[in-house]
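Understanding the architecture of this molecule
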Amino acid sequence: MPLRVLIADDNPVVRAGLASLLATAEDMEVVAQAADGREALGLTRRHAPDVILLDVRMPGVDGISALPHLVQLAPVLMLTYSQESEIVREALLLGAGGYLVHGEFTPEDLVRAVRDVREGRAHFTTTAASALLADLRTSSQPQRSVARSSERVHNSVLFGLSSREVEIMDLIASGMSNQQIAATCFISEKTVKNHINRIFAKLQSTSRSEAIARWLGTARPGVSGHG
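The text that follows walks through the structure, step by step, so that each part is easy to find. Computed from a predicted structure; not experimentally measured.

**Regarding the overall build of the protein**
Helix and strand counts for the protein come out as eleven helices and six strands. Of all 227 residues assigned to the protein, the portion counted as buried reaches 43%. Look at the contacts in the protein between residues 6 or more apart in sequence, and 60% of them connect residues 24 or more apart. Accessible area for the protein stands at about 11600 Å²; split by element, carbon and sulfur atoms hold 53% of it.

**Observations regarding the side chain of Thr125**
Tracing the backbone shows Thr125 in the loop between strand 6 (123-124) and helix 6 (126-136). The class of Thr125 is buried, set by a relative accessible area of 7%. Other than its neighbours up to four places away in sequence, Thr125 contacts Tyr99, Leu100, Val101, Glu104 and Phe105.

**Things to note about the pairing of strand 4 (residues 76-80)**
The buried fraction of strand 4 is high, at five of five residues. Side chains Val76, Met78 and Thr80 of strand 4 all project onto a buried face; the interleaved residues Leu77 and Leu79 project onto the opposite face, where all are buried too. Alignment of strand 3 (residues 51-54) against strand 4, held across three bridges, turns out to be parallel. In the sheet register, Leu54 faces strand 4, and the bridge partner there is Met78. Handedness of the strand 3-helix 3 (residues 63-70)-strand 4 crossover: right-handed. Note that strand 4 and strand 5 (residues 98-101) share four bridges and pair parallel. Paired with Leu77 across the bridge in strand 5 is Gly98. Taken together, strand 4, helix 4 (residues 85-93) and strand 5 constitute a β-α-β crossover, and its handedness is right-handed.

**What about the pattern of salt bridges?**
In total, this model carries nine salt bridges according to the counting rule given. A salt bridge links Arg118 to Asp50; its shortest N-O distance comes to 3.7 Å. One end of the pair, Arg118, is in helix 5 (residues 107-118); the other, Asp50, is in the loop between helix 2 (37-47) and strand 3, with 68 residues separating them in the sequence. When its relative accessible area of 35% is taken as the criterion, Arg118 is described as partly exposed. Look at Asp50 and you get buried, because its relative accessible area is 19%. Asp109 is the salt-bridge partner of Arg112, the closest N and O atoms lying 3.0 Å from each other. Taken together, the positions of Arg112 and Asp109, both in helix 5 and three residues apart, correspond to about one turn of that helix. Residue Arg112 is classed as partly exposed on the basis of its relative accessible area, which comes to 41%.

**So, the packing of helix 8 (residues 163-173) against helix 9 (residues 178-185)**
Two numbers describe how helix 8 lies on helix 9: the axes approach to 10 Å, and their chain directions differ by 135°. Taken together, the axes of helix 8 and helix 9 are oblique relative to one another. In the crossing of helix 8 with helix 9, the sense of the turn from one axis to the other is right-handed. Side by side, helix 8 and helix 9 meet where Arg164, Glu167, Ile168, Leu171 and Ile172 of the first sit next to Ile181, Thr184 and Cys185 of the second.

**Points about the packing of helix 8 against helix 10 (residues 189-202)**
To describe two helices that pack against each other, one gives the angle between their axes and the distance between the axes. Contact geometry of helix 8 with helix 10 gives a least axis separation of 10 Å together with a crossing angle of 90°. Here helix 10 runs roughly perpendicular to helix 8, going by the angle between their axes. Facing helix 8, whose interface residues are Arg164, Glu165, Ile168, Met169 and Ile172, helix 10 presents His195, Ile196, Arg198, Ile199 and Lys202. Of the residues assigned to the contact of helix 8 with helix 10, the class counts are five nonpolar, one polar and four charged.

Thresholds applied
Residues numbered from 1 in each chain as written. Predicted model: local features only at pLDDT ≥ 70, side-chain atom pairs only at ≥ 80, totals over all residues. Heavy atoms only, no water. Helix = DSSP H or I, 4+ residues; strand = E, 2+ residues; numbered from the N terminus. Buried < 20%, exposed > 50% of the residue type's maximum accessible area, 1.4 Å probe, protein only. Contact = heavy atoms within 4.5 Å. Areas by Shrake-Rupley, 256 points an atom, 1.4 Å probe, with all protein chains shown as cover. Pairing = 2+ DSSP bridges. Right-handed = clockwise from strand over helix to strand, strands pointing away. Salt bridge = Lys/Arg side-chain N within 4 Å of Asp/Glu carboxyl O. Axes fitted to C-alpha atoms, helices over the stretch in contact; angles between N-to-C directions. Parallel < 35°, antiparallel > 145°, perpendicular 65-115°, else oblique. Left-handed = near helix turned anticlockwise from the far one by under 90°. Nonpolar A, V, L, I, M, F, W, Y, C, P; charged D, E, K, R; others polar.

Rendered as structure tokens:
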């Protein structure tokens, strides 16, 4: 049986190029191509690939947003131009099995990486590995991450938010619109609005800015934001 691959990248030229490179391996078959994270999820459920090649930056649902959902269905190999250490680290924390930066691998490297990720062996190109190493060497990074995690747990308990409401409140605080939140969480805008109504009630807030202020700790719960 050939090793079945799904390619997710918003650039059709890149998708065609990757498909052409993988065609050099007799034991691999590209079963589907997607232009964004949402399409990748739908096609993965339909075609059940053995490995997913996933770009980071795509319009609509990007690769990082789709990654936690995709890794539950198949091993994922990030294949992107993004070299930032934070992106590499986040992708790995979310379950990616490897990270390749365009321009740093040969057709043979790509084929080997796909096989490795399928077997559970991590695979990185030089820039991705260096970015990850630099991130690990930043001693204050784990402390900041722990502090952020502790603050989120404290806030969720303080305001009585569910895990889904915490996720949506974080997205609101990041500046996302209802439409963007719906795409990121793979839910309808109506469901987003329902969640937001419950969140606002729990945070005793009547606006996005007031809810964000309470969530980030710049306003005390129980104190009205109206003069």
